[in-house]
Amino acid sequence: MSTDDMDKSQLAAVLQILKKYNLKGTEELLRKEANLSSNLGDGSLQQSSDVSSVLTGYKSDGDPETYEDCYMELKRFVEGSLDIYKHELGMILYPVLVHMYLELVYNGHTEKAINLMRKFGPEQDPYYQDDLRKLALVTKRDHMNGNELTDTFKSNQFIIRMSRDTLSLLKRHLNDKKASVLLNIIQEHLYFDMYEGVARNKNQIDATSGAVGGEAKRQDNKTKVYYGIPKAPDIQSLAAPVEDEDEAADQDNPDKPKKKKAKKDPLFSKKTKNDPNAPPSDRIPVPDLKDNDKLEKIKAYREASKRVTLGPEYLPSVCCYTLLNANYTVTCAEITEDSSMLAVGFSDSIVKVWTLVPQKLKSMKTAEQLQDVNVDAEDVLARMMDERSGETSRSLYGHAGPVYSVSFSPDRTLLLSCSEDTTIRLWSLQIWTCLVVYKGHMFPVWDVKFSPLGYYFASASYDRTARLWATDHYQPLRLFAGHFSDVDCVQFHPNSNYVATGSSDRRVCLWDCTTGNHVRLMTGHKSPIMSLAFSVCGRFLASAGADCKVLIWDLSHGHLVAELTGHEKAIHALAFSRCGNILVSGGLDCMLKVWDFTKLTEEISSEEVNVSHNPDVRIGDDYLLRSFATKSSPLISLHFTRRNLLLAVGMFDGVPT
């Protein structure tokens, strides 16, 4: 095909799309600019298969007989290379096989495609086998329409990180062989992210491989991330008693002996340092603290001063709440920040809230009774509640499908829930009813989380997006798009400036709430990601999922620094202790594992990081402090109290597996 014909077919393809979506103005401008006749895009060229070939990105001129030979030639070249380059060169075999298969299927050579997959599919890395099994079901061109996996491979280049030496070796081989089928695939569907330095070994490659679209480009992790925690508001000023009236009285009566000034509470007089990596305090709009919030902060601070500092010598005590007769109906659970309430979502669309303390769950008085309440009283909120209405649990009805996640607001007055019915609901825990239904996602919503500040919340959905919302807006404030599959879990950074997402495309993304752009893209998981947790300092992110591993990421550079193994089934819960020294993980294998996070961070800070190159990933049980087994109860939620007691939530499964 000549270059002119190729350009015309590409223009015809663009015009076809513009016409399909009725973008007449743009279509006319393009025709005028390219000096095209009005029949281009409607007449002879549209009937040509070249237009659809342009749209799919697959050529139709390859001889089906040559594909297998080309792949064998490439495989022989990789296996015959020097050991130092062999592993990096081997990374191109999987994407080349996939695109050869899809090209054969697209051009109607089904039998050749099936033979190619049968012969070379089983020898690919284990973490690609699930995807290859799904691709093997695509045997006709029609099967490719709307298929998530084939769409991802067609629309995105597969990213491979390769050293300069390895890449020049590959280019030399391709120039010598001049295999057009292979050249077309590599030029159009592969992207080489070249770096200076020594080629990586097999362990380094395996640590970050496995994602649907290949590895992350180094450019994806170049943006500065403000991972630090901003300085807390001055607790002393919040706690200071008001003595204006006494001072005024003293001025009227100068002979009266002066009262001694209240001593400063030593608990609040400690000065906190400014974190150089913290974001500016005005980077995101934050609602003002109400008086009640200030009192709550003081109470939390006092309680935190009594907590035990955990470590290898002082492991946490664990209290497990087990849900009986519920192993097939409970879908999620969450405990409030102050450990006073537990919310559970069920597959029959109900949300249930329990109190975990002696105080019962009260509802607000009626409108008539509220008229008698003294609004100026200090305990006005307590007076508004009806003492006789106290119950140990309450049920919330409204969803029309299974509830997949629940999240309490920091002040414990609101609860979020999301469901298969595509909606997110905001519930009042004072009048025990639904206040708002947020509609924006088009498919089931898998996860929802309140920001540590309250007001903002984030959601994750089957529609491959995560969204940032505010409680007083019906529409999302930001839409985080870029994952190739379901976004399964979402988590706010402790400073609320960033949101992390984990997806079925096996990638972890960190998004900036102010711009809506991704600032970190991290690959290394081999299965969908189910749980995320940020370290207390904000620098590290732990992720876990169906591959039974906990991966630790350093957000300063986006590097994978550790891989914690030991679980035998999917991990659904992660939590850091309040002091930040301990990480715990819980999964469907009915095991709770306690990891020494301080040891890990000390080792990381003591070594020099090569920013241009992935560091060696720490693997093994060196950091495992203790494993706790439950009685046939898979764990779905973990939470540390303010005093560092660990609370776990599990469902008793009476049927042995």
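Where an unreviewed UniProt entry is consulted, the protein chain appears under the name Transcription initiation factor TFIID subunit 5, with the organism given as Zophobas morio. What UniProt records for the protein chain under Sequence similarities (unreviewed entry) is the sentence "Belongs to the WD repeat TAF5 family." According to the UniProt record, the Subcellular location (unreviewed entry) comment for the protein chain is "Nucleus".

**As for the packing of helix H7 (residues 93–106) against helix H9 (residues 129–136)**
Contact geometry of H7 with H9 gives a least axis separation of 11 Å together with a crossing angle of 10°. By the angle between their axes, H7 is roughly parallel relative to H9. Here H7 contributes Tyr94, Val98, Tyr101 and Leu102 to the contact with H9, which in turn contributes Asp131, Leu132, Leu135 and Ala136. Looking at the contact of H7 with H9 residue by residue, the classes come out as seven nonpolar, no polar and one charged.

**Things to note about the UniProt feature "repeat: WD" (unreviewed entry) in the protein chain**
As recorded in UniProt, the sites labelled "repeat: WD" (unreviewed entry) are residues 396–430, 438–469, 480–521, 522–563 and 564–605. As annotated, residues 396–430 has a helix share of 0% and a strand share of 54%, and its two end C-alpha atoms lie 12 Å apart. Taken end to end, residues 438–469 comprises 0% helix and 59% strand; its first and last C-alpha atoms sit 9 Å apart.

**Section: the sheet that holds strand E30 (residues 646–651)**
If you trace the three strands from one edge of the open sheet to the other, you get E3-E30-E29, paired in mixed fashion. The open sheet terminates on both sides in strands that have one partner only, identified here as strand E3 (318–323) and strand E29 (635–640). Neighbour-to-neighbour, the strand axes of this sheet turn through a mean angle of 20°, independent of strand direction. Pairing analysis gives five bridges linking E29 to E30, with the strands arranged antiparallel. The partner of Leu635 across the bridge, within E30, is Gly650.

**Considering the packing of H9 against helix H10 (residues 148–155)**
At a closest axis distance of 9 Å, the pairing of H9 and H10 adopts a crossing angle of 100°. Relative to H10, the element H9 is oriented roughly perpendicular. Between H9, through Asp131, Lys134 and Leu135, and H10, the contact on the second element is made entirely by Leu149, Thr150 and Phe153. Tallied by class, residues from the contact of H9 with H10 come to three nonpolar, one polar and two charged.

**Quick notes on the pattern of salt bridges**
Two side chains carrying opposite charge are able to pair once their charged atoms lie near each other. Summed over the entire model, instances satisfying the criterion amount to 29 salt bridges. One salt-bridge network, held together by shared partners, links Glu296, Glu303, Glu337, Asp338, Arg412, Arg578 and Arg642.

**Considerations on the sheet that holds strand E25 (residues 582–587)**
If you trace the four strands from one edge of the open sheet to the other, you get E24-E25-E26-E28, paired in antiparallel fashion. This sheet does not close on itself; its edge strands, each paired only once, are strand E24 (571–576) and strand E28 (624–629). Between one strand axis and the next, the sheet turns by 15° as a mean value, whatever way the strands run. Of the strand pairs in this sheet, E25 and strand E26 (residues 591–596) are connected by five bridges, and their pairing is antiparallel. Counted as the bridge partner of Gly586 is Leu592 from E26. Across the sheet, helix H19 (residues 597–606) lies against E24, E25 and E26, angled at about 40° from E26, the strand it touches most.

**Some thoughts on the pairing of strand E1 (residues 158–163)**
Among the six residues that make up E1, six are buried, leaving the element largely enclosed by the rest of the structure. In E1, alternate side chains face the same way, and those of Phe158, Ile160 and Met162 on one face and Ile159, Arg161 and Ser163 on the other are all buried. Taken together, the six bridges between E1 and strand E2 (residues 190–195) define a ladder with parallel strand orientation. Bridging from a neighbouring strand, Ile159 pairs with Tyr191 of E2.

**Some details on H19**
Along H19, the residues that are buried comprise Phe597, Leu600, Thr601 and Ile604. When H19 is viewed along its axis, its buried side chains cluster within an angular range of 95° and face the same direction. Turned more than 90 degrees off the buried face of H19, the exposed positions are Glu602 and Ser606. The N-terminus of H19 is capped by Asp596, whose side-chain oxygen sits 3.3 Å from the backbone nitrogen of Thr598.

**A few points about the packing of aromatic side chains**
Geometry of an aromatic ring pair is reported as the spacing of the ring centres plus the angle between the planes. Inspection of every chain in the model, using the stated rule, returns 17 aromatic pairs. Aromatic pair Tyr94 and Phe158: ring centres 5.9 Å apart, planes at 65°, arrangement edge-to-face. Here the residue Tyr94 occupies a position in helix H7, and Phe158 occupies one in strand E1, the gap between them amounting to 64 residues. An aromatic cluster is built from Tyr94, Tyr127, Tyr128, Phe153 and Phe158, whose rings are joined through pairwise contacts. Across the ring face of Tyr106, the terminal group of Arg141 is positioned such that the distance to the ring centre comes to 3.9 Å. Cation over ring: Arg507 sits above Phe484, and NZ or CZ is 4.3 Å from the ring centre.

Scoring rules and cut-offs
Residues numbered from 1 in each chain as written. Predicted model: local features only at pLDDT ≥ 70, side-chain atom pairs only at ≥ 80, totals over all residues. Heavy atoms only, no water. UniProt positions renumbered as here; feature names shortened; annotations may be inferred. Axes fitted to C-alpha atoms, helices over the stretch in contact; angles between N-to-C directions. Helix = DSSP H or I, 4+ residues; strand = E, 2+ residues; numbered from the N terminus. Parallel < 35°, antiparallel > 145°, perpendicular 65-115°, else oblique. Contact = heavy atoms within 4.5 Å. Nonpolar A, V, L, I, M, F, W, Y, C, P; charged D, E, K, R; others polar. Pairing = 2+ DSSP bridges. Salt bridge = Lys/Arg side-chain N within 4 Å of Asp/Glu carboxyl O. Buried < 20%, exposed > 50% of the residue type's maximum accessible area, 1.4 Å probe, protein only. Arc of directions from axis to C-beta. Polar contact = N/O pair within 3.5 Å; in protein donor to acceptor, adjacent residues only side chain to side chain. Phe/Tyr/Trp six-rings, centres within 6.5 Å; stacked < 30°, edge-to-face > 60°. Lys NZ or Arg CZ within 6 Å of the ring centre and 35° of its normal.

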